[in-house]
Amino acid sequence: MEKEFRKKEVRNKEVWNREAKPVAAQKGKVSGTVQIGCPVTGKCGGCQGFKDSYEKQLQKKEKFLKDCCGSFGKFEGMIGMVDPYHYRNKVHAVFGEDGRHNIISGTYEEKSHRIVPVDACLLDDEKADAIIVSIRKLLKSFKIRPYNEDTGYGLFRHVLIRTGRHTGQIMVVLVLASPVMPSKSNFVKALRKEHPEITTIVLNVNNRGTSMVLGEKEHVLYGKGYIEDVLCGKRFRISAKSFYQVNPLQTEKLYGKAVEFAALTGKEMVLDAYCGTGTIGLIASDKAGEVIGVELNGAAVRDAKINAKANQVNNISFYEKDAGQFMVQLAEQHVKVDVVFMDPPRAGSDEAFLSSLVKLSPKRVVYVSCNPETLARDLRYLTKKGYRMEKGVGVDMFPWTEHVETVVLLSKC
Ligand code: SAH
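Remember, predicted model here, so these are calculated numbers, not experimental data. (Residues numbered from 1 in each chain as written. Predicted model: local features only at pLDDT ≥ 70, side-chain atom pairs only at ≥ 80, totals over all residues. Heavy atoms only, no water.)

**Q** Help me get a handle on the packing of helix α8 (residues 351-360) against helix α9 (residues 372-384), residues and values and all.
**A** It is at 10 Å that the axes of α8 and α9 come closest, and there the two elements cross at 30 degrees. One element, α8, and the other, α9, form an angle in the roughly parallel class. As for how α8 packs across α9, the hand of that crossing is right-handed. Facing α8, whose interface residues are Glu351, Leu354, Ser355, Leu357 and Val358, α9 presents Asp378, Tyr381 and Leu382. Residue composition of the contact of α8 with α9, by class: five nonpolar, one polar and two charged. (Axes fitted to C-alpha atoms, helices over the stretch in contact; angles between N-to-C directions. Helix = DSSP H or I, 4+ residues; strand = E, 2+ residues; numbered from the N terminus. Parallel < 35°, antiparallel > 145°, perpendicular 65-115°, else oblique. Left-handed = near helix turned anticlockwise from the far one by under 90°. Contact = heavy atoms within 4.5 Å. Nonpolar A, V, L, I, M, F, W, Y, C, P; charged D, E, K, R; others polar.)

**Q** Can you explain the layout of surface pockets? Please cite residues and give values.
**A** In this model, the second largest pocket occupies a volume close to 460 Å³. Gly96, Glu97, Tyr147, Asn148 and Glu149 are, among the 23 residues lining the second largest pocket, the residues nearest its centre. In terms of residues, the lining of the second largest pocket owes the most to one element, strand β4 (residues 90-97), which gives four residues. In terms of residue class, the lining of the second largest pocket is made up of nine nonpolar, seven polar and seven charged. (1 Å grid on protein atoms, 1.4 Å probe; cavity = no way out; pocket = protein on both sides within 12 Å on 5 of 7 lines; lining within 4 Å. Points joined across faces, edges and corners; volume = space filled by probe spheres on them.)

**Q** Got a sec to walk through the packing of aromatic side chains? Specific residues and values, please.
**A** All told, the structure shown has seven aromatic pairs when counted by the stated rule. For the pair Tyr85 and Trp400, a centre-to-centre distance of 5.7 Å together with 25 degrees between the ring planes defines the contact as stacked. Taken together, the residues Tyr85 in the loop between β3 (75-79) and β4 and Trp400 in the loop between β18 (387-395) and β19 (405-412) connect sequence positions 315 residues apart. Across this residue pair, the class does not change: Tyr85 and Trp400 are buried. Ring centres 5.3 Å apart and planes at 70 degrees place the aromatic pair Phe142 and Phe187 in the edge-to-face group. Here Phe142 is found in the loop between α2 (126-141) and β7 (156-163), whereas its partner Phe187 is found in helix α3 (residues 184-194), with 45 residues between them in sequence. (Phe/Tyr/Trp six-rings, centres within 6.5 Å; stacked < 30°, edge-to-face > 60°. Buried < 20%, exposed > 50% of the residue type's maximum accessible area, 1.4 Å probe, protein only.)

**Q** So, the nonpolar core: which residues are in play, and what are the values?
**A** Cys69, Leu271, Met342, Phe353, Leu357 and Leu410 are the most contacted members of the largest nonpolar core, which totals 95 residues. The element contributing the most residues to this core is helix α4 (residues 248-262), with six residues. With residues near it in sequence (within four places) discarded, Leu410 still touches Lys363, Arg364, Val365, Tyr367, Leu379, Leu382, Thr383, Tyr387, Arg388, Met389 and Glu390. Listed in part, the 27 residues of the second largest apolar core include Ile131, Ile132, Leu155 and Met181. (Core = buried A, V, L, I, M, F, W, Y, C linked by side-chain atoms within 4.5 Å.)

**Q** Mind laying out the site of the ligand, listing which residues take part and the relevant values?
**A** Taken together, 16 residues sit near the ligand, with Tyr255, Glu295, Asp322, Ala323 and Asp343 positioned nearest. For the ligand, an oxygen atom lies 3.3 Å from a polar atom in the side chain of Thr279. Side-chain polar atom of Asp322 to a nitrogen atom of the ligand: 2.8 Å apart, as the coordinates give it. Considering the ligand on its own, with 570 Å² of exposed area, one finds that the protein chains cover 83% of that surface. Among the residues forming the shell around the ligand, the class breakdown is eight nonpolar, four polar and four charged. (Near = heavy atom within 4 Å. Polar contact = N/O pair within 3.5 Å; in protein donor to acceptor, adjacent residues only side chain to side chain. Areas by Shrake-Rupley, 256 points an atom, 1.4 Å probe, with all protein chains shown as cover.)

Here it is as structure tokens:
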């Protein structure tokens, strides 16, 4: 039963009006009865709000998925979270000043550059939020001014915090408009004193007038300059700029389903297309004969190679290339591929990739999608060219937002 949506004045996270009673919902164990309030709902743009119960949200997502892709085959439903809060392992805050020159931190208002002050977010890692609040207080006592985008004055622009859910490691990235930070080492000392759980602190220099958070240059102020996390039994290195899924608990479920659908026996030649830092391929490597990963982003490919070494995986290789062009080459060289994992960005795949995929004719294709609409378009193509959709399942990677993630298994007719 859904309770009344109640808003309360919230000044800090202690007064969150949160009563999440887990109920045995039809679609796995999810928190169905939620009574919640957020002071910046509708302003910050980080989520779609908490008006519906979580269970209702899952139902809506499943309906959208089925509306888009249901005509191609059966879906096993939507895998939700038991506790759909504080799942984000990457938290960003922009810093600025209010009308009275008080330092504020939070998110940009949707489609604008006005800062909405946020101290605690129901989606963020709670420690990360607490560290951001501490940094704001420290800035005041160290007399460090936030950067003003309009005038170009000031120093402090953003904070990015990344946490390793399994390892407990925490990286703090301080983004400044200039590499010169007054009382740098005392600031680091004071921050570490308040938060001894921080394992590394990085200074990132961003002196550009763009909306990108991170600049090119980095200086490690404390620790190794990166953190590590464990996903499906494999260790992954995460640096300030690495791509890494933001919801680690659900990512394990997503990758678990992808590997299950692939039904590998230990002999297959596997292609991990749009592989990012190599996560899916590395997790599947124990059950495969050989794995090839392809990815456009050079930094991600470098991380993928480091991840392979760190996990002593020797049957995997990575290529920095456009996935479509790479597939055309493989098809021209008549390379035998048994199973293809593909995890394209929101725009989905392209004709070059899909037509070469059909030529390579793997037994199974496991399509991981973050956009049901482009998934439907690509399924239409593949199901006309000799593939059948066997099954699919939704995984709620981003509770309280409209994003829908899906894994689909296709096999050769
Ligand atoms: N499978 C990875 C990454 C998925 S995100 C994971 O789960 O972590 C999609 C990835 O596709 C991104 O890393 C992006 O850089 C990459 N990408 C986007 N367009 C590409 C293209 N044309 N060819 C190869 N990779 C591409």
